[in-house]
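The primary structure of each chain is shown beneath.
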Amino acid sequence: MKAFTQLNGLACPIDRANIDTDAIIPKQFLKSIKRSGFGPYLFDEWRYTDHGEPGMDCSTRPLNKDFVLNQARYKGAQIMLARENFGCGSSREHAPWAIEDYGFRVIIAPSYADIFFGNCYKNGMLPIVADEAMVDKLFKECEANVGYRLSVDLPSQTVTLPSGESFGFEINATSKHNLLNGLDEIGLTLLHADEIKVFEEKHKATQPWLFA
Amino acid sequence: MLGKSVAGKTLYDKLWETHLVREDADGTCLIYIDRHLVHEVTSPQAFEGLRIAGRKPWRNSSIVANPDHNTPTKDWDKGIEDPISRLQVETLDNNIKDFGALVYFPFKHANQGIIHVIGPEQGTTLPGMTVVCGDSHTSTHGAFGALAHGIGTSEVEHVLATQTLIAKKSKRMLVDVSGKLGSGVTAKDVALAVIGKIGTAGGNGYAIEFGGEVIRALSMEGRMTICNMAIEAGARAGIIAPDEKTAAYLKGRLHAPKAADWDKAVAYWNTLKTDDDAQFDTVVTLNGADIAPQVTWGTSPEQVLPIDGCVPDPAKEMDATKRTSIENALKYMGLSANTPLEDIKLDKIFIGSCTNSRIEDLRAAAVVAKGKKVANSISLALVVPGSGMVKRQAEEEGLDKIFIEAGFEWREPGCSMCLAMNADRLSPGERCASTSNRNFEGRQGQGGRTHLVSPAMAVAAAIAGHFVDVRTV
């Protein structure tokens, strides 16, 4: 997993509540057996005016000019501004894979769906929860100022606006440590393999039918 | 200390504590996983990760696997025509061959079906278990008093390699549905009414326990429908305490406990309930008698109303974000404000999905379909049973004939038009009454318009050509 420490990046506003994972990456792209290459199909139904299928060359597809990702001013954006309950619906990790593959490393929203939120951390992305008023302010400033950049600092858990104003965010210690160091969670868990084995034996003794 | 009372535990607390391997200072826990359900869409990258790292599954006898999303529902003799879908299904075949599983039903196996239907059918979902799957509708299995929820593909790999999941404890919500349901009102209507009340984000961060007289009166199939939709309310897990119905459903199933183990298991399952003095973080109450058949009108399951309602008017919504959501939904759905729901005409009908494809669902649908005809204006009406076992049972009862005579197509089992990864889908602008779980934009096909309803309501709509209150049919 890619480590994350700091990022000064261009922000892009996706101004819609309850964006679901079907919108983030439509189902036809879930047929892939790979983890990469989903970026060109991120928000496929909103981004292009034709119907997308896996393997299509997106450089020649007709663009929906109204969709923010297609506006030149947001080219190269790495920080996504989003609204409440972002990432609801399916557990498909293809959604964070597509967002990361496109180039985003940070999402800032008032709230997220639980499974999506956890999936972000597993892919080196930082999902930040900010209060509604702050998110509103970021949306307004971002839309009003071309080249609007935010500085995100994970060690100090702060986001700094171009004005110099900053706000803090919460993250649990384990996720922070893993993200800062780009750690493989499976390797870390297997350090506790003996504890798992002890638990398993005890569990088997009390509910043997689970192991039949 | 004298007089100190120890607060009781909720069912969720009990399930959590009996699976807790270790807990870190910041509350990050390692939870043991008893059952790992696997399908073809969210597993290939996880198995690939195991291979790259040179790892093996910790306990392959915990795995129950089956392709369901990509499999076609007709012309099985032709195989899977889409080469990308075929590769994904064959990749699952190869991964199970290499890594092993307790149960594997490949494409066309007599028992193949939707993973959330076959798990309980085979007796591989039991009370007191932890159950995970790379699929958000894993919440379905909570109907048995199991802690069951969806996980991402990285977590699929983590469970394969370590038999555990890194997790934090959720908050506890009780949804108490008291009283009795009226005739024609089903588990699906209860699920939609709950989502309408608390919203699609209402359950974020919670595990929901469903209780009350209405829940106790539901069959196991109905309980699975309710827990299945917990995720649409934002809750990863929905749970219902096991009782004599749970045991009766499981008894004699292939992988259910046998002989002396059975009595021990049932005695243990009887302890799996929330203590009388336990506290929930949030309690939501509904009265079953107030719930009418529900129909979604928008592009989120919370955009739902009783059948006698009208499409909402965004001009009457004060909250700006909600107003925009309503406007977006009406535009996508091609609906005008204040239209009575009963006036909405349909193009296609879909009866199926992990929400509503079990035998009881098909029976309820057949009761309404019997002796009637699908309206000429409906271009396609599909019935897709949830598994090979459901299909055979329905055919033994003659339900297939009732559907076919009424003008429905009787298909092979699979996820089908719930998410349209196979050939079953809506064309742009087509409108569907669907017994599935999500009415998101493009869910059933790009530009397709989905209205979520119960099986009985879907059949009533098929016959009338527009929505109709099944209680009046």
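For the structure itself, look to the data block above.
The notes below deal with the structure included here. Small disclaimer: the values here were computed from a predicted structure and weren't measured.

Reading the values: rules and limits
- Residues numbered from 1 in each chain as written.
- Chains lettered and ligands numbered in written order.
- Predicted model: local features only at pLDDT ≥ 70, side-chain atom pairs only at ≥ 80, totals over all residues.
- Heavy atoms only, no water.
- Helix = DSSP H or I, 4+ residues; strand = E, 2+ residues; numbered from the N terminus.
- Buried < 20%, exposed > 50% of the residue type's maximum accessible area, 1.4 Å probe, protein only.
- Lys, Arg positive; Asp, Glu negative; His and termini not counted.
- Salt bridge = Lys/Arg side-chain N within 4 Å of Asp/Glu carboxyl O.
- Contact = heavy atoms within 4.5 Å.
- Axes fitted to C-alpha atoms, helices over the stretch in contact; angles between N-to-C directions.
- Parallel < 35°, antiparallel > 145°, perpendicular 65-115°, else oblique.
- Left-handed = near helix turned anticlockwise from the far one by under 90°.
- Nonpolar A, V, L, I, M, F, W, Y, C, P; charged D, E, K, R; others polar.
- Buried area = accessible area lost by both parts, 1.4 Å probe.
- Pairing = 2+ DSSP bridges.
- Right-handed = clockwise from strand over helix to strand, strands pointing away.
- Phe/Tyr/Trp six-rings, centres within 6.5 Å; stacked < 30°, edge-to-face > 60°.

Attention now moves to the side chain of arginine 431 of chain B. Residue and element names in this part refer to chain B. Position of arginine 431 relative to the elements: it lies in strand S18 (residues 431-434). Among buried Asp, Glu, Lys and Arg side chains, arginine 431 stands out as unpaired, with aspartate 347 the closest opposite charge at 5.5 Å. Contacts of arginine 431, omitting those with residues within four sequence positions, involve Met333, Gly334, Leu335, Ile344, Lys345, Leu346, Asp347, Lys348, Arg449 and His451.

The next point concerns the packing of helix H12 (residues 359-369) of chain B against helix H14 (residues 399-406) of chain B. All names here are of chain B. It is the contact of H12 with H14, at a shortest axis distance of 9 Å, that shows an interaxial angle of 45°. Relative to H14, the element H12 is oriented oblique. Between H12 and H14 lies a crossing of left-handed hand. Contact residues: H12 offers Ile359, Leu362, Arg363, Ala365, Ala366 and Ala369, while H14 offers Leu399, Ile402, Phe403 and Ala406. Here the contact of H12 with H14 is composed, by residue class, of nine nonpolar, no polar and one charged.

The next subject is helix H2 (residues 44-53) of chain B. All of the buried residues in H2 of chain B are Pro44, Gln45, Ala46, Phe47, Gly49 and Leu50 of chain B. Buried residues belonging to H2 of chain B abut helix H3 (94-102) of chain A together with strand S3 (35-38), helix H3 (83-99) and helix H5 (153-162) of chain B. Where H2 of chain B ends, the next residue or the one after it, glycine 54 of chain B, has phi of about 70°, a positive value.

The next subject is the interface of chain A and chain B. If you look at the interface, chain A gives 56 residues, while chain B gives 75 residues. Among the residues of chain A in contact with chain B, Lys31, Ile33 and Trp209 of chain A are the three that bury the most area, contributing 15% of the side total. Remark: the boundary between chain A and chain B carries eight salt bridges. Salt-bridge contacts for arginine 16 of chain A lead to glutamate 441 of chain B; the nearest nitrogen and oxygen are separated by 2.5 Å. Those elements that provide at least two residues to the side of chain A that touches chain B are helix H2 (44-47), H3, helix H4 (114-121), helix H6 (173-181), helix H7 (185-190) and helix H8 (193-206) of chain A. Top contributing element to the side of chain A that touches chain B by residue count: H8 of chain A, with seven residues. Taken together, the residues that form the side of chain A that touches chain B break down as 20 nonpolar, 17 polar and 19 charged.

Here the focus is the pairing of strand S9 (residues 171-178) of chain B. Here is the key point about a regular strand: its side chains alternate between the two faces of the sheet. All names here are of chain B. Judged from the six bridges that link them, S9 and strand S10 (residues 206-211) form a sheet pairing that is parallel. Each bridged residue has a counterpart across the sheet, and for methionine 173 the counterpart in S10 is isoleucine 208. Handedness of the crossover joining S9 and S10 through helix H6 (residues 187-198): right-handed. Across six bridges, S9 lies against strand S12 (residues 282-287) in parallel orientation. Bridge assignment links valine 175 to a residue of S12, and that residue is valine 284.

This part is about the packing of aromatic side chains. Residues and elements named next belong to chain A. Tallied over the entire structure, the rule returns 19 aromatic pairs over all chains. For the pair phenylalanine 29 and tyrosine 41, a centre-to-centre distance of 4.3 Å together with 20° between the ring planes defines the contact as stacked. Separated by twelve residues along the polypeptide, phenylalanine 29 in the loop between helix H1 (21-24) and H2 and tyrosine 41 in the loop between H1 and H2 bring together distant segments of the chain. Here phenylalanine 29 matches tyrosine 41 in class, with each residue buried.

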